[in-house]
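# Examining the three-dimensional arrangement
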Amino acid sequence: QVQLVESGGGLVQAGASLRLSCAASGSGRTFSAYAMGWFRQAPGKEREFVATINGSGGIIRYAESVKGRFTISRDNAKSTVYLQMNTLKPEDTAVYYCAAQFANWPSSRIADFGSWGQGTQVTVSS
């Protein structure tokens, strides 16, 4: 399994931006062999899909709630995936998790991701 470490969370006001990073390490496979995803979990709610990107970066999927505001990207040379979050809203408040899927097609299903980071807290105040 690949080890994932997220960073970049914090407390911001509504309308602000944040960029999350997720660094991967420890896998015998090349980073580009993994589709990468971002998920989030708000207090009292189930974990939900946010965005996913395939190994080459050519296939990207977003949850409807973040389309047009969030951008997922990856730098395979740095084994890192990013989530640029703009125009943040209070309802974006959650713990954000990075996940890795050993596959070509990026899934939006939690069960398809075998490796997870510890999460980073994002809090958006109104």
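Our subject is the structure listed above.
The residue numbers shown here count from 1 along each chain, following its written sequence. Since the coordinates come from a predicted model, pLDDT governs what is reported: local features require at least 70, and pairs of side-chain atoms require 80 or more to be given and counted, while whole-chain, interface and lining totals use all residues. Side-chain measures here rest on the full set of heavy atoms in the structure, leaving out hydrogens and waters.

What follows covers the pairing of strand β4 (residues 35-41). Burial classification: accessible surface area is computed with a 1.4 Å probe over protein chains only, and a residue below 20% of its type maximum counts as buried, one above 50% as exposed, and the rest as partly exposed. A run of H or I in DSSP counts as a helix once it spans at least four residues, and a run of E counts as a strand once it spans at least two, with each numbered from the N terminus. Of all seven residues making up β4, six are buried, and the element is well covered by its neighbours. Any two strands between which DSSP finds at least two bridges are classified as paired. As judged from the seven bridges shared by β4 and strand β9 (residues 94-101), these two strands associate in the antiparallel manner. By the bridge assignment for β9, W38 is matched with C98. Relative to strand β5 (residues 48-53), β4 runs antiparallel, the two sharing five bridges. By the bridge assignment, F39 is partnered in β5 with F49. Once β4 ends, the chain turns through six residues before running back antiparallel as β5, passing G44 with a positive phi of about 75°.

Between side chains of opposite charge, a pair can form as their charged atoms come close. Salt bridges are counted wherever a side-chain nitrogen of Lys or Arg sits within 4 Å of a carboxyl oxygen of Asp or Glu. As enumerated under the stated definition, the model contains five salt bridges in all. Between E48 and R40 there is a salt bridge, and its shortest N-O distance comes to 2.6 Å. The class for R40 is buried, based on a relative accessible area of 6%. When salt bridges that share partners are traced, they join R40, E48, R69 and D92 into one network.

Turning our eyes to something else, we now look at the sheet that holds strand β3 (residues 18-25). Pairing within the open sheet is antiparallel, and its four strands lie in the order β1-β3-β8-β7. Looking along the sheet, the strands with just one partner apiece sit at the ends: β1 (3-7) and β7 (70-75). On average, adjacent strands in this sheet sit at an angle of 15° to one another, irrespective of strand direction. For β3 and strand β8 (residues 80-85), the ladder comprises six bridges, and the chain directions are antiparallel. Fitted lines through C-alpha atoms give the axes, limited to the stretch in contact for helices. The angle between two N-to-C directions lies from 0 to 180 degrees.

Among buried residues, those of type Ala, Val, Leu, Ile, Met, Phe, Trp, Tyr and Cys that are joined through side-chain atoms within 4.5 Å constitute a nonpolar core. M36, W38, L83, M85 and Y96 are the most contacted members of the largest nonpolar core, which has 33 residues in total. If you list the elements that add at least two residues to this core, you get β3, β4, β5, β7, β8, β9 and β11 (120-125). Ranked by residues supplied to this core, first place goes to β9 with five residues.

The next point concerns the state of the cysteines. Sulfur atoms of two cysteines make up a disulfide when they are within 2.5 Å. All chains considered together, the criterion is met by one disulfide. The disulfide partner of C22 is C98, and the S-S distance across this bridge is 2.1 Å. Residues C22 and C98 share a disulfide whose torsion about the S-S bond is about -75°; that sign makes it left-handed. Taken together, the positions of C22 in strand β3 and C98 in strand β9 put the pair 76 residues apart, joining distant regions of the chain. Each member of the pair, C22 as well as C98, is classed as buried.

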